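Remarks on the overall topology
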Amino acid sequence: MKSIFASAVPTAAFLLAVLLFSQSTVYGQRREKRQKAVKVMADSAATLKSVEMADSSTAGFGLRLPAADSLDAYLDSIDIKEKIVINDYSMVGIQYGVSLSSVMWNPNMRQSSVFYPVNFGITYTRYGKMFGYMPYFGFQAGIYYAREGYQFKADPETETWPDLGGRYSGVRSAVMDVIEVPLLAHLHFDFWKMKLIANIGFFAGYRLNVTRTGEGIPDDVATGFVDTDKRFDYGIKGGGGFAFVFDPVEIHFTAMYKYSMGTLHQPDYYSNYFYRFSYPSNIIFSAGIHFQLTKRVGKTKHQLRREAREQVGLIRSLDAGTPEMDAKQEN
């Protein structure tokens, strides 16, 4: 009998604790909903100049607070969800990345991708709503300093190296420092404390310097550009990624593909009849920190000023007893 009693006491205590916890949870949810509902009603009453005025005239506006029991029953039957409204906002950021660089050759050349841990950029992003209500769009502009190049591979059977010919005969690798200015369409989808990102657009660039290595290369070709090189660059750039949002700071992670439409050399450097083309391409993985310049969510200063002006106008109308307000009270 004692053993049964000893085992029943902890069980009863556990069930009592579960019951109290569930009741406290329900009470906490009900209290939170009550606070939100009362706040909405209080805000509505405040627009009628004062709470005292609302007590005497809210009959015509339907702003009576329900009794405690009926309010609890009503709040238990609804689910209040707060919708995140994304504003038109802008931000500046700093990106750092690494790249895998190669060149698309015509005619084809055996090569391997080259890893470069040099890709720095400063960006400006502006978000805006399409048609005034679709907050998924924006644009991004910036300036980047990066490194790119190529590395030839010998044929494993013949042990011969690809050869560019002409003044570049004997070159086996090259490294270039470049400046680029991208302008991208920026798409985003926000949820929780994150966002998904997609970018697509164009870039313009300039090749600052070049260093070539190989066998039997002239000094001017090995250490700098020659008259058959093309230094201006342009092309397409796009990719995607995700971000963590901690207003007013965002941390972005992206993977981008950059394809140059500006060839490295003049196509006729080797022959006036057989052109040779070389288009650099890069896969870039980067991370960055961005700072919001304006509010991402919530009411902006412009919206608050507009609401304040509307409330002042409403109070003045009530003071003057305009026919419009009298008609609303009669209805």
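Labelled according to an unreviewed UniProt entry, the protein appears under the name PorT family protein, originating from Candidatus Cryptobacteroides excrementipullorum.

It is worth spelling out the overall build of the protein at this point. Assigned secondary structure in the protein consists of six helices and ten strands. Here the protein holds 331 residues, and 33% of them are scored as buried. Nonlocal contacts in the protein, meaning residues at least 24 apart in sequence, comprise 72% of its contacts between residues at least 6 apart. Counting every atom, the protein has about 20,200 Å² of accessible surface; 63% of that belongs to carbon and sulfur.

Moving on, we come to the pairing of strand 10 (residues 277–292). Both strand 1 (residues 90–106) and strand 10 contribute to a ladder of 16 bridges, which runs antiparallel. Residue pairing across strands places Val 103 opposite Pro 280, the latter belonging to strand 10. Two elements, strand 9 (residues 249–260) and strand 10, share eleven bridges in a ladder whose sense is antiparallel. The residue of strand 10 that forms the bridge with Lys 258 is Asn 282.

Moving on, we get to empty space enclosed by the protein. Per the counting criterion, the structure on display carries four cavities of 30 Å³ or more. Lining the largest cavity are 19 residues, with Gln 95, Gln 140, Tyr 144, Thr 254 and Met 256 positioned closest to its centre. Elements supplying a minimum of two residues to the lining of the largest cavity: strand 4 (119–130), strand 5 (134–152), strand 6 (171–191), strand 7 (194–214), strand 9 and strand 10. If one sorts the elements of the lining of the largest cavity by residue count, strand 5 sits on top with four residues. Partitioning the lining of the largest cavity into residue classes produces seven nonpolar, eleven polar and one charged. Each pocket or cavity is described by its volume, and for the second largest cavity that value is around 60 Å³. In terms of lining, the second largest cavity is formed by Tyr 150, Ala 174, Met 176, Arg 207, Val 210, Arg 212, Phe 225, Asp 229, Lys 230, Leu 264 and His 265. Put simply, the parts of the chain that give the lining of the second largest cavity at least two residues each are strand 6 and strand 7.

For the rest of this paragraph, the subject is the side chain of Gln 95. With respect to the element layout, Gln 95 can be found in strand 1. Among the residues examined, Gln 95 registers a relative accessible area of 6% and is labelled buried. Here the side chain of Gln 95 touches Gly 288 through a polar contact of 3.3 Å, landing on its backbone nitrogen. Once residues within four sequence positions are removed from consideration, Gln 95 is found in contact with Asn 119, Phe 120, Gly 121, Thr 123, Tyr 144, His 252, Thr 254, Ser 286, Ala 287, Gly 288 and His 290.

The subject of this paragraph is the packing of aromatic side chains. Throughout the structure, instances matching the rule amount to 17 aromatic pairs. With 5.3 Å between their ring centres and 45° between their planes, Tyr 150 and Phe 152 make a pair best called tilted. The burial state of Tyr 150 is the same as that of Phe 152; both residues are buried. Between Tyr 168 and Tyr 269 the ring centres are 5.1 Å apart and the planes differ by 80°, which places this aromatic pair in the edge-to-face class. One end of the pair, Tyr 168, is in the loop between strand 5 and strand 6; the other, Tyr 269, is in the loop between strand 9 and strand 10, and 101 residues separate them in sequence. Each member of the pair, Tyr 168 together with Tyr 269, is buried. Through pairs of rings, three or more aromatic residues link up here, namely Tyr 136, Phe 137, Phe 189 and Phe 191. When the ring centre of Phe 203 is taken as reference, the NZ or CZ atom of Lys 258 above it lies at 4.9 Å.

With respect to the secondary-structure elements, Thr 254 resides in strand 9. Residue Thr 254 is classed as buried on the basis of its relative accessible area, which comes to 13%. Excluding its chain neighbours within four sequence positions, the residues that come into contact with Thr 254 are Gln 95, Gly 240, Gly 241, Ile 284, Phe 285 and Ser 286. In this structure the side chain of Thr 254 is engaged in a polar contact, spanning 2.7 Å, whose partner is the side chain of Ser 286.

This next bit is on the side chain of Ser 271. Within the fold, Ser 271 resides in the loop between strand 9 and strand 10. Residue class for Ser 271 comes out buried when judged on its relative accessible area of 16%. At a separation of 3.2 Å, a polar atom in the side chain of Ser 271 contacts the main-chain amide nitrogen of Phe 274.

What counts, and at which threshold
- Residues numbered from 1 in each chain as written.
- Predicted model: local features only at pLDDT ≥ 70, side-chain atom pairs only at ≥ 80, totals over all residues.
- Heavy atoms only, no water.
- Helix = DSSP H or I, 4+ residues; strand = E, 2+ residues; numbered from the N terminus.
- Buried < 20%, exposed > 50% of the residue type's maximum accessible area, 1.4 Å probe, protein only.
- Contact = heavy atoms within 4.5 Å.
- Areas by Shrake-Rupley, 256 points an atom, 1.4 Å probe, with all protein chains shown as cover.
- Pairing = 2+ DSSP bridges.
- 1 Å grid on protein atoms, 1.4 Å probe; cavity = no way out; pocket = protein on both sides within 12 Å on 5 of 7 lines; lining within 4 Å.
- Points joined across faces, edges and corners; volume = space filled by probe spheres on them.
- Nonpolar A, V, L, I, M, F, W, Y, C, P; charged D, E, K, R; others polar.
- Polar contact = N/O pair within 3.5 Å; in protein donor to acceptor, adjacent residues only side chain to side chain.
- Phe/Tyr/Trp six-rings, centres within 6.5 Å; stacked < 30°, edge-to-face > 60°.
- Lys NZ or Arg CZ within 6 Å of the ring centre and 35° of its normal.

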